[in-house]
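One letter stands for each residue in the lines below.
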Amino acid sequence: MAGAMALSMRNERSRNARLGLVLSGGGARGFAHAGALRALNHIGIYPDFIVGVSMGAVVGATYALNDDWYRALMDMDISGFPPLPDFSAPGMVNYVRNLRVAQRAITGMYFGWGIGQPTVDWGRDVLSGLTLDKPLEAGRIPVFVTATDIESGERVTLESGSAIDAVYASAALAGILPPAEIDGRMLVDGGYCDLAPVDVARSAGADVVIVVDAATNVVQRKPGNGIQAMIRAIEICQNEHTFLRVEAADMAIRPIIDPPVGVLEFRHKRRCAAAGARAVLRSRSELLELLRHGGPEIGRKTKHHSPNSQTGSNVTRQADDSCLCQPPGPHSRVAEISQQDR
């Protein structure tokens, strides 16, 4: 019965508007996309197109190519991600251990492609398991993956060929992983040039474009050293760029992940997924209304406030603030989805 209702809602929604879902980057925070997609399906919303950037490309390609996509993502092997130095814990042993990690990171960047270079084969094996070695064009819906040409600075959109190659290219963080070479281009993480490629979804035929923005670290830690301050400064620039790109979308959903999660803190993947589910379910009425009425006119009238600003339109703030509510009760629909992942 539930499946029939979901199919009915999907068919009704498809007649009204074709939905393009743009999944931003965010590293470990990008697991919020898995929770968001699961929650969207739960309320009968199924995207017609997915555009993925970095971790959004990992989730989007897995969703399109793997029928058991959610379990595959939640069970994803995270053991090979390179450690980053963390001097926050007290004690000389911790200090010496992290000093060695920092030395390896610096050495890897100066004399190679980054600290993650030895893990490339492991990472590609992980992507193989997620995408089942299929080409991008074999997805049950079209999926577009974006990367950055590190030489020209141009955005490159990939929609066919090896999903492993495309997703790796989209998620190859400069200084962490070696670039991917595809068609003579040296490609790195797609987030460097465009974290929210709304125009790709429009060009694919989407009437309504919704961005799930897991890249914007809405809740921040106070920097405690120069490296943390540098990373936070980069985040501020990235947030402003994302804000400008998201203006072209009809709706933006920003999961609130509190306490905050760093780019490579993949041990928190289930908490990030639960945050994505909460963000979608608390915006359910706005989502269904948007899709029911088609979207483009609404999109031109809606302005999205900057994540680094204190001002913004009421329309967008409602979508964002809906994620700031108190945690749901044990019998709520949010709990039904997220408690399984604790």
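Note that the coordinates shown come from a computational prediction; the quantities given were computed from them, not determined experimentally.

### Focus: the environment of glycine 191
Inference 1: Topologically, glycine 191 is positioned in the loop between strand E6 (185-189) and helix H8 (198-204).
Inference 2: Each C-alpha atom of the pair glycine 191 and glycine 25 lies 6.3 Å from the other, and the pair is 166 residues apart in sequence.

### Brief notes about the pattern of salt bridges
Inference 1: For the structure on display, the rule yields 14 salt bridges.
Inference 2: Between aspartate 75 and arginine 270 there is a salt bridge, and its shortest N-O distance comes to 3.6 Å. With a gap of 195 residues between them, aspartate 75 in the loop between helix H4 (69-74) and helix H5 (92-111) and arginine 270 in helix H10 (residues 269-281) connect regions that are remote in the sequence.
Inference 3: On the basis of relative accessibility, which here comes to 51%, the residue aspartate 75 falls in the exposed class.
Inference 4: Arginine 270 gets classed as partly exposed once you look at its relative accessible area, which sits at 29%.

### Observations concerning the packing of aromatic side chains
Each aromatic ring pair is summarised here by two numbers: the centre-to-centre distance and the angle between the ring planes.
Inference 1: In this structure the tally under the stated criterion is three aromatic pairs.
Inference 2: Ring centres of tyrosine 63 and tryptophan 69 lie 4.9 Å apart, and the angle between their planes is 70°; this geometry places the pair in the edge-to-face category.
Inference 3: Note on tryptophan 69: relative accessible area 8%, which makes it buried.
Inference 4: For the pair tryptophan 69 and tyrosine 70, a centre-to-centre distance of 5.6 Å together with 85° between the ring planes defines the contact as edge-to-face.

### Here's the deal with helix H6 (residues 120-131)
Every α-helical turn comprises 3.6 residues, leaving residues that sit three or four positions apart pointing alike.
Inference 1: Under the 1.5 Å per step criterion, the end-to-end length of H6 is 16 Å for twelve residues, consistent within 8% with the ideal 16 Å.
Inference 2: Of all the positions in H6, only Val120, Gly123, Val126, Leu127, Ser128, Leu130 and Thr131 are classed as buried.
Inference 3: Close packing links the buried residues of H6 with helix H3 (55-65), H4 and helix H7 (163-171).
Inference 4: Of the residues one or two after H6, leucine 132 is the one with positive phi, at around 60°.

### Concerning a nonpolar patch on the surface
Inference 1: A cluster of nonpolar side chains, namely Met230, Ile231 and Ile234, defines an oily patch on the protein surface of about 290 Å² accessible area.
Inference 2: As for its position among the elements, methionine 230 is in helix H9 (residues 226-246).

### What to know about the nonpolar core
Inference 1: Core analysis: the largest hydrophobic core is formed by 72 residues, its most contacted members being Leu73, Ile210 and Leu287.
Inference 2: It is H3 that contributes the most residues to this core, eight residues altogether.
Inference 3: Leaving out residues up to four positions away in the same chain, isoleucine 210 has contacts with Leu19, Gly20, Leu21, Val22, Met251, Ile253, Leu287 and Leu290.
Inference 4: Ranked by size, the runner-up nonpolar core spans 14 residues in total, among them Val51, Val200, Val211 and Ala252.

### A look at H7
Inference 1: Judged by how many residues are buried, H7 sits mostly within the fold: seven of nine residues are covered.
Inference 2: Here H7 has its buried residues at Ala163, Ile164, Ala166, Val167, Tyr168, Ala169 and Ser170.

### Section: unusual backbone geometry
Inference 1: Of the consecutive residues aspartate 258 and proline 259, the connecting peptide bond is found in the cis state with omega at 5°.
Inference 2: Positionally, proline 259 belongs in the loop between strand E8 (251-253) and H10.
Inference 3: With a phi angle near 55°, serine 54 is a residue other than glycine that sits in the positive phi range.
Inference 4: Tracing the chain through its elements places serine 54 in the loop between strand E2 (49-53) and H3.
Inference 5: The class for serine 54 is buried, based on a relative accessible area of 7%.
Inference 6: Backbone geometry places aspartate 133, a non-glycine residue, at a positive phi of 60°.
Inference 7: Among the structural elements, aspartate 133 can be located in the loop between H6 and strand E3 (143-149).

Definitions and cut-offs
- Residues numbered from 1 in each chain as written.
- Predicted model: local features only at pLDDT ≥ 70, side-chain atom pairs only at ≥ 80, totals over all residues.
- Heavy atoms only, no water.
- Helix = DSSP H or I, 4+ residues; strand = E, 2+ residues; numbered from the N terminus.
- Salt bridge = Lys/Arg side-chain N within 4 Å of Asp/Glu carboxyl O.
- Buried < 20%, exposed > 50% of the residue type's maximum accessible area, 1.4 Å probe, protein only.
- Phe/Tyr/Trp six-rings, centres within 6.5 Å; stacked < 30°, edge-to-face > 60°.
- Expected span 1.5 Å × (residues − 1).
- Contact = heavy atoms within 4.5 Å.
- Patch = residues over 30% accessible without salt bridge, like charges linked within 9 Å, V, L, I, M, F, W, Y side chains within 5 Å.
- Areas by Shrake-Rupley, 256 points an atom, 1.4 Å probe, with all protein chains shown as cover.
- Core = buried A, V, L, I, M, F, W, Y, C linked by side-chain atoms within 4.5 Å.

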